[in-house]
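Spelled out from the first residue to the last, the chains are:
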Amino acid sequence: MSMVYPVLPGADDFFFDRGSVGILLCHGFNATPQSVRAVGERFAERGFSVYAPRLHGHGTDLRDFEAATAEDWKQSVRDGYEQLTRRCESIFIVGQSMGATLALALVAEGLPVAGIITINAALSVPAYEALSFTECTVYLPESPPDIKRSAFEIVYEYVPSVCASELLRLIGETIPVLPDIQIPTLILYSAEDHVVPPTCSDYLHRTIGSDDKRSYCLLDSYHVATLDHDQETIVRETAQFVNQFSRLTQTG
């Protein structure tokens, strides 16, 4: 029988029921919906319905995280999509870091969203790629969140090495299917990122199969851009993108 661990204060999912256009907001690896809540609130102020699922094993207990797989994380996003379909006619998926990787993987599998917005998409994580998972410790110390301004992020102090390995497996399975993605795509990335190289977003722009793809560089943020100085830029660029393509979807 599996344990049910309580959710850490402030780490739970959130839902803002607003208009018929929905935004499915996916947080990153070893993070929680808290890391995307500020931009989620701003999206809701602009009239979008917003749901941010808490990825399986995140924001509870390290043992819960250790038992989670990439398929569990994908299912958390699928469940979030199903929640939004009860309210929304058109849904866009926004993912930060591994949240972007999950979004890309699910869109390639056929998740029927109207568009995808990635924020510092994790298509390479050099710190984990340098490890030998047959020799490294069971738990890896987590570095301080990569945020330029003073901000708090709910994370575990340690990362199970099996979870880091799952993240790399997810990346390895996602990269080959990028050409299959044909929907409108907005790629947001930080000019300076100490976790995921900005070249990941360059590669994504070159490789993704969409005919309508655009990139925007965030000049005043590090990796966790949704908690950094460029929050308003993320909201503005995403809202413009969603408004443009939701109108096309609704008018045919």
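Above: the structure in question.
Calculation notes
- Residues numbered from 1 in each chain as written.
- Predicted model: local features only at pLDDT ≥ 70, side-chain atom pairs only at ≥ 80, totals over all residues.
- Heavy atoms only, no water.
- Salt bridge = Lys/Arg side-chain N within 4 Å of Asp/Glu carboxyl O.
- Helix = DSSP H or I, 4+ residues; strand = E, 2+ residues; numbered from the N terminus.
- Buried < 20%, exposed > 50% of the residue type's maximum accessible area, 1.4 Å probe, protein only.
- Core = buried A, V, L, I, M, F, W, Y, C linked by side-chain atoms within 4.5 Å.
- Contact = heavy atoms within 4.5 Å.
- Polar contact = N/O pair within 3.5 Å; in protein donor to acceptor, adjacent residues only side chain to side chain.
- Pairing = 2+ DSSP bridges.
- Right-handed = clockwise from strand over helix to strand, strands pointing away.

1. Concerning the pattern of salt bridges
Then, number 1: Under the criterion given, the structure shown has 15 salt bridges.
Then, number 2: Between aspartate 17 and arginine 87 there is a salt bridge whose closest N-O contact spans 2.4 Å. Taken together, the positions of aspartate 17 in the loop between strand E1 (14–16) and strand E2 (21–26) and arginine 87 in the loop between helix H3 (70–85) and strand E4 (90–96) put the pair 70 residues apart, joining distant regions of the chain.
Then, number 3: Overall, aspartate 17 belongs to the partly exposed group, its relative accessible area being 42%.
Then, number 4: Glutamate 166 serves as the salt-bridge partner of arginine 169, at 2.8 Å between the closest nitrogen and oxygen. With arginine 169 and glutamate 166 both in helix H6 (residues 161–174), this residue pair falls three residues apart, about one helical turn.

2. Some thoughts on the nonpolar core
Then, number 1: Among the nonpolar cores identified, the biggest contains 48 residues, and Leu24, Phe29, Trp73, Ile93 and Tyr128 are the most heavily contacted of them.
Then, number 2: Residue assignment for this core shows that the elements contributing at least two residues are E2, H3, E4, helix H4 (98–109), H6 and helix H7 (199–207).
Then, number 3: The leading source of residues in this core is H4, at eight residues.
Then, number 4: Setting aside anything within four residues of it in sequence, one finds tryptophan 73 in contact with Phe29, Leu55, His56, His58, Phe65, Ala68, Met98, Leu102, Cys163, Glu166 and Leu167.
Then, number 5: Ile23, Val94, Ile117 and Ile234 belong to the second-largest nonpolar core, a separate cluster that totals 27 residues.

3. Considerations on the environment of serine 49
Then, number 1: Relative to the helices and strands, serine 49 is located in strand E3 (residues 49–52).
Then, number 2: Under the relative-accessibility criterion, serine 49 is labelled buried at 0%.
Then, number 3: In contact with serine 49, other than residues within four places in its own chain, are Phe16, Asp17, Arg18, Gly19, Val21, Gly22, Ile23, Leu84, Arg87 and Cys88.
Then, number 4: Side-chain polar atoms of serine 49 contact the backbone nitrogen of arginine 18, separated by 2.8 Å.

4. Some points on the pairing of strand E5 (residues 115–119)
Then, number 1: In terms of residue burial, E5 counts as a mostly covered element, since five of its five residues are buried.
Then, number 2: Alternating residues of E5 divide into Gly115, Ile117 and Ile119 and Ile116 and Thr118, and every residue in both groups is buried.
Then, number 3: In this structure, E4 lies alongside E5, joined through five bridges in parallel fashion. In the strand pairing of E5, isoleucine 93 is matched with isoleucine 116.
Then, number 4: Crossover connection from E4 via H4 to parallel E5: handedness right-handed.
Then, number 5: Examined bridge by bridge, E5 and strand E8 (residues 185–190) share four bridges and lie parallel to one another. Across the sheet, the residue bridging to isoleucine 117 is leucine 186, located in E8.

It is worth stressing that arrangement in space is one thing and function is another; only the former is reported here.
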